[in-house]
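Below are the chains, spelled out letter by letter.
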Amino acid sequence: MFSKDTVVGVIGSGAMGSGIAQVAAMAGHKVIIYDSNEAAIEKSKSNLNNLLKKLLEKQKLTEQAATEISQKLYFSKSFNSFSECGIIIEAIVENLEVKQKVFSEAEKIVSENCILATNTSSLSIASVASSCKKNSRVLGIHFFNPAHIMPLVEIIPSLSTDASIVTETKKLIDSWGKLTVIAKDTPGFIVNRIARPYYGEAIRIYEEGFADFQTIDWAMKEIGGFKMGPFELMDFIGNDVNYKVTETVWEQFFYDTRYKPSLTQKRLFESGRFGKKSGRGYYDYSEEAVNPEPQKDKELGEKIFLRILSMLINEAVDAFYLNVASKEDIDLAMTKGVNYPKGLLKWCDQIGIDKIYNQLKNLQDEYGEDRYRPSVLMKRMESKGEKFFT
Ligand SMILES: NC(=O)c1ccc[n+]([C@@H]2O[C@H](COP(=O)([O-])OP(=O)(O)OC[C@H]3O[C@@H](n4cnc5c(N)ncnc54)[C@H](O)[C@@H]3O)[C@@H](O)[C@H]2O)c1
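Residue numbers here run from 1 along each chain, matching the order of that chain's written sequence. Where totals are concerned, whole chains, interfaces and linings use all residues; where local detail is concerned, this predicted model gives features only for residues with pLDDT of at least 70, and gives and counts side-chain atom pairs only at 80 or more.

With C-beta atoms placed from the backbone, the exposure class of a residue follows from how many other C-beta atoms lie within 10 Å of its own: 20 or more, buried; 12 or fewer, exposed; in between, partly exposed. For helices the rule is a DSSP run of H or I covering at least 4 residues; for strands it is a run of E covering at least 2, with both sets numbered from the N terminus onward. Most of strand β6 (residues 138-143) sits out of view: 6 of its 6 residues are buried. Burial of the side chains of β6 extends over both faces: Val-138, Gly-140 and His-142 are buried on one face and Leu-139, Ile-141 and Phe-143 on the other. Here a strand pair is declared whenever DSSP counts at least two bridges between the two strands. The sheet contact formed by strand β5 (residues 115-118) and β6 spans 3 bridges and is parallel. Of the residues in β6, the one forming a bridge with Leu-116 is Val-138. By the bridge criterion, 5 bridges tie β6 to strand β7 (residues 152-157) in an arrangement that is antiparallel. Opposite His-142, over in β7, you have Glu-154 as the bridge partner.

Glancing now at the packing of helix α14 (residues 327-337) against helix α15 (residues 344-351). Note on geometry: axes are C-alpha line fits, over the in-contact stretch for helices, and angles between N-to-C directions span 0 to 180 degrees. Two elements in contact, α14 and α15, have axes separated by 7 Å at closest approach and are oriented at 100 degrees. Of the possible angle classes, the one that applies to α14 and α15 is roughly perpendicular. Of the residues in α15, those touching α14 at Lys-327, Ile-330, Asp-331 and Met-334 are Leu-344, Leu-345 and Lys-346. A per-class count over the contact of α14 with α15 returns 4 nonpolar, no polar and 3 charged. Angles are sorted into four bins: roughly parallel if under 35 degrees, roughly antiparallel if over 145, roughly perpendicular if 65 to 115, and oblique for all others. By the convention adopted here, residues are in contact when the distance between their C-beta atoms, placed from the backbone, does not exceed 7 Å. Only Asp, Glu, Lys and Arg are considered charged, only Ala, Val, Leu, Ile, Met, Phe, Trp, Tyr, Cys and Pro nonpolar, and every remaining residue, Gly among them, polar.

Attention now moves to the sheet that holds β6. Pairing is mixed across the open sheet formed by 8 strands, whose spatial order is β3-β2-β1-β4-β5-β6-β7-β8. Of all strands in the sheet, those with a lone pairing partner are β3 (73-76) and β8 (179-182), marking the two edges. Across this sheet, the average inter-strand angle for adjacent strands is 25 degrees, counted without regard to direction. Where strand β1 (residues 7-11) and strand β4 (residues 85-90) come together, 5 bridges link them in parallel fashion. Its bridge partner lying in β4, Val-7 is registered against Cys-85. Contacting β7 and β8, α14 runs over the sheet at an angle of about 135 degrees to β8.

Here it is as structure tokens:
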């Protein structure tokens, strides 16, 4: 279905669209990038040129390769240029109505066999595909930010996507040097679903006054081996973006309390304390700022780490139980999509499912909240002393 001659279309030349275009061009494809905003196209052009220059300086590309790649990138102000594309990846604003309109417009121009993909982070693929006449050719291809660096890509078929299209698209994205996982069309797919407690449980611990945020960050890095603590990471992602994803996942799960957003994060968002990009989030990023030191108490750190990790593992186990993805893909997604130090299911095997289960049961008994309910699969496996991997 696809070859190096397949022309790739990218709709939206923002952060994600530009990164995806670069990946496809570096893999040898002619790429046509379209954006409704001329300024966005100019910005994307100059960002891509700068990136190629940097790669050249670092000797990661030869001069000839850099020229060839830039000659493969075509910027277009018209939708009509998509008629020669074999696949189109949409990366425009995260708004269902706007995406649906773009998909139905694209379908009028593209060839009968052109595949239409969306890079949406939080909308259902079924809802985007519903705007197309031939919805069997629509699927999700979810890159992570920055798309040219992060190795993981989630491939998400909707209920209507043709199976052969999933197989061929996976092969294509693999050939671009990415690691692909297949995810069911459910809220947050794999990574954005399973990662929720990394933020939510950390905020809960902070709200309770059990520990301050710098101590929670210290515990997750020092004891857990995570590259960034939850609060640092939320400040990096942006508390506006992270709050929105949490809210969307919660709404799409029909308000399951396990995904309930926190008032702390909402107030930060409302106050414009978005994090690094606004100069202030949980931490102060101004030059003269002196941020508070963590309380380096190992016993406290162990408690924080086990509580957050148990919630993450529970989410991974439940996603596996509900067939969101295979256990191999779940572990790959969390290590390659958000750089977790270990796959969560493997981690569960190493620590012992009984320890994780008991931690969750204790929290559930103490708080009386459904938020801490262990996955039924964890309960069953714990009673039989089973492991995920041999
Ligand atoms: N930023 C992330 O971390 C990230 C990660 C994974 C997926 N995503 C998803 O990727 C998509 C794009 O995100 P982004 O961060 O690149 O956004 P962005 O704001 O950087 O870029 C969006 C671009 O789409 C253009 N656009 C808007 N409406 C359009 C239309 N009707 N036709 C053509 N162009 C249009 C805008 O001009 C803009 O240049 C969203 O669906 C987002 O959820 C984002």
